[in-house]
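Topology and contacts: notes
Now for the letters of each chain:
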Amino acid sequence: MIESDRPIEATSTPQAELQDIRDLGLAELGEVVAAASERSFRAGQLAGWIYGRGVGSFDAMLDLPKSFREYLKHRFRMGSATTATCARSSDGTRKLLIRLSDGEAIESVIIPSREVEATPAGDHLNQRITLCMSSQAGCAMACEFCATARMGLHRNLSVGEIVSQVFLARRELTADEHLTNYVFMGMGEPLANYPRLIKALSIMTSEWGMGISPRRITVSTVGIVPMMERLLTEIPVRIAVSLHATTNELRDRLAPINKRYPIEVLLDTCKRLPLKQRERITFEYVMLRGVNDSPEDAKRLVKLLAPLRGKVNLIFFNAFEGSGFATSPRDAVEDFQAILRKGNLTATIRESRGLDIAAACGQLYAEQAAANQD
Ligand code: SAH
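Overview of the structure. (Residues numbered from 1 in each chain as written. Predicted model: local features only at pLDDT ≥ 70, side-chain atom pairs only at ≥ 80, totals over all residues. Heavy atoms only, no water.)

Of all residues adjacent to the ligand, which total 20 residues, the nearest are Phe145, Ser220, Ser242, His244 and Asn318. Between the ligand and glycine 188, the relevant distance is 3.1 Å, taken from a nitrogen atom to a main-chain nitrogen or oxygen of the residue. Here the ligand loses 95% of its free accessible area of 530 Å² to cover by the protein chains. Listing elements by their share of the shell around the ligand, those giving two or more residues are strand S10 (217-221), strand S12 (281-287) and strand S13 (310-316). Broken down by class, the residue content of the shell around the ligand amounts to ten nonpolar, eight polar and two charged. (Near = heavy atom within 4 Å. Polar contact = N/O pair within 3.5 Å; in protein donor to acceptor, adjacent residues only side chain to side chain. Areas by Shrake-Rupley, 256 points an atom, 1.4 Å probe, with all protein chains shown as cover. Helix = DSSP H or I, 4+ residues; strand = E, 2+ residues; numbered from the N terminus. Nonpolar A, V, L, I, M, F, W, Y, C, P; charged D, E, K, R; others polar.)

This part covers the nonpolar core. Of all hydrophobic cores here, the largest spans 111 residues; its most connected members are Leu201, Met204, Leu231 and Leu340. Membership of the second largest hydrophobic core comes to five residues, among which are Val109, Cys132, Val183 and Ile357. (Core = buried A, V, L, I, M, F, W, Y, C linked by side-chain atoms within 4.5 Å. Buried < 20%, exposed > 50% of the residue type's maximum accessible area, 1.4 Å probe, protein only.)

The calculated volume of the largest pocket comes to roughly 1500 Å³. Residue lining of the largest pocket: 43 residues in total, with Glu115, Arg128, Thr130, Asn313 and Arg350 positioned closest to the centre. Per-element accounting of the lining of the largest pocket gives the leading share, six residues, to strand S5 (residues 105-119). In the lining of the largest pocket, the residues fall into 14 nonpolar, 14 polar and 15 charged. (1 Å grid on protein atoms, 1.4 Å probe; cavity = no way out; pocket = protein on both sides within 12 Å on 5 of 7 lines; lining within 4 Å. Points joined across faces, edges and corners; volume = space filled by probe spheres on them.)

Let us look at the pairing of strand S6 (residues 122-132). Bridge count between S5 and S6: eleven bridges; the pairing is antiparallel. Along S6, the bridge assignment pairs glutamate 117 with histidine 124. Counting the residues that bridge the hairpin from S5 to S6 gives two residues. Sheet topology places S6 next to strand S9 (residues 181-184); three bridges connect them, and they run parallel. Pairing of cysteine 132 across the sheet is with valine 183, part of S9. (Pairing = 2+ DSSP bridges.)

Its twelve residues place the ends of helix H5 (residues 194-205) 16 Å apart at the C-alpha level, agreeing with the 16 Å of an ideal helix rising 1.5 Å per residue. Within H5, the full set of buried residues consists of Tyr194, Leu197, Ile198, Ala200, Leu201, Ile203, Met204 and Thr205. Of the surrounding elements, those touching the buried residues of H5 are helix H2 (42-53), helix H4 (159-170), S9, S10 and helix H6 (225-234). (Expected span 1.5 Å × (residues − 1). Contact = heavy atoms within 4.5 Å.)

Here we come to the pattern of salt bridges. Scanning the model with the defined rule gives 15 salt bridges in all. The partner of arginine 94 in a salt bridge is glutamate 177, and the shortest N-O contact between them spans 2.9 Å. On the criterion of sequence distance, the pair formed by arginine 94 in strand S4 (residues 94-99) and glutamate 177 in the loop between H4 and S9 is long-range, its members being 83 residues apart. Each member of the pair, arginine 94 as well as glutamate 177, carries the same accessibility label: buried. Note that aspartate 297 is salt-bridged to arginine 300, the shortest N-O span being 3.0 Å. (Salt bridge = Lys/Arg side-chain N within 4 Å of Asp/Glu carboxyl O.)

Time to look at helix H8 (residues 263-272). Listed in full, the buried residues belonging to H8 are Ile263, Leu266, Leu267, Thr269 and Cys270. Along the axis of H8, the buried residues cluster in a sector spanning 155°; they form a single face. Structurally, H8 contributes buried residues whose contacts are with H6, strand S11 (238-242), helix H7 (248-254), S12 and helix H9 (295-305). (Arc of directions from axis to C-beta.)

Backbone geometry at alanine 142 places phi at a positive 60°, although glycine is not the residue there. In this fold, alanine 142 is placed in the loop between strand S7 (136-138) and strand S8 (153-156). With a relative accessible area of 42%, alanine 142 lands in the partly exposed category. One non-glycine residue, histidine 244, adopts positive backbone phi at about 70°. Structurally, histidine 244 can be placed in the loop between S11 and H7.

This part takes up the state of the cysteines. This model, assessed by the stated rule, comprises zero disulfides. Free cysteine: cysteine 86, not disulfide-bonded; nearest cysteine sulfur from cysteine 132 at 14 Å. What makes cysteine 86 partly exposed here is its relative accessible area of 25%. (Disulfide = S-S within 2.5 Å.)

Here the focus is the side chain of lysine 73. Looking at the element boundaries, lysine 73 is found in helix H3 (residues 66-75). Of the polar contacts made by the side chain of lysine 73, one reaches the side chain of glutamate 70; its length is 3.1 Å.

In structure tokens, the structure reads:
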């Protein structure tokens, strides 16, 4: 964040102690406006500058009275996270290492992709740019094959830290690039940071906020069952569930939250989720060689998902040091996919992106990355 345009005043509060204005929704901005004895329409103007245009300083808010801008500058800061580095992959993927005000670090990944969409007028080439966002610094879920899990949970991200990832990512785009999709598949378990996640989603999807369609946002969860239905009732984003196993015995090991919410409970919840017409739940399945990639696993997966409106994303396991797993060979992944398709399940193989910059799924490990910067 560019802070250098702020006047340095002996009496001003240090930036680090000021509240991040990006923590505030429209109602709270209304309270700020009232406390400053400004007219109520200023709240909408303020939200427009902060979230709509995404400006980096109060000085840029040209239609606010100067006195009000000064008032705000003494009480708030505009975002509290900064991009420490942006690594570029040969495939166009960009990984941002983002430093938080207390020294913690998180990662967000920009993933451009092209998709051919069949339309009545012929094939249409879609340029998609997905932002993979983090919800926590570290993670407490302890999934055995995930690098972030090795960090443990450092802390939840604030609302401002979640939404700031979008503004920081936009700075790394070229003039003709725009973010089109947002996935909470970075560091952390989004539903374990529910109150902040839901507020960030409301800022992202509101007209007064960033105006992003909830259909373009996917929240990926390891299966925090009680929060799943609540999420979709509050904001109709898309949901992805990290399944990875077809027996409780194996899932207990790979994703220990399974001991609390076993497969049958998780899938029962999925059945009841309020989905839009034609919408399907994405089930993520990381292909681990000799662990969960046999034809029997595929057949069990077909049975488990048959009563559901689901589709499957098969993800190549991305190795990291000391992971103890290997990725399934491509032909095993293709055989697995063929069994799912024969069982009438839509199954897509997700190619790994950004491998050369350790930006692929499950490789985000900002603790180490941050240490390497120093
Ligand atoms: N906690 C959430 C979101 C973060 S993980 C969740 O569990 O869904 C995002 C996806 O990356 C999950 O499907 C996760 O299983 C997958 N993943 C984790 N480690 C991986 C690895 N080493 N290789 C490939 N995918 C991985």
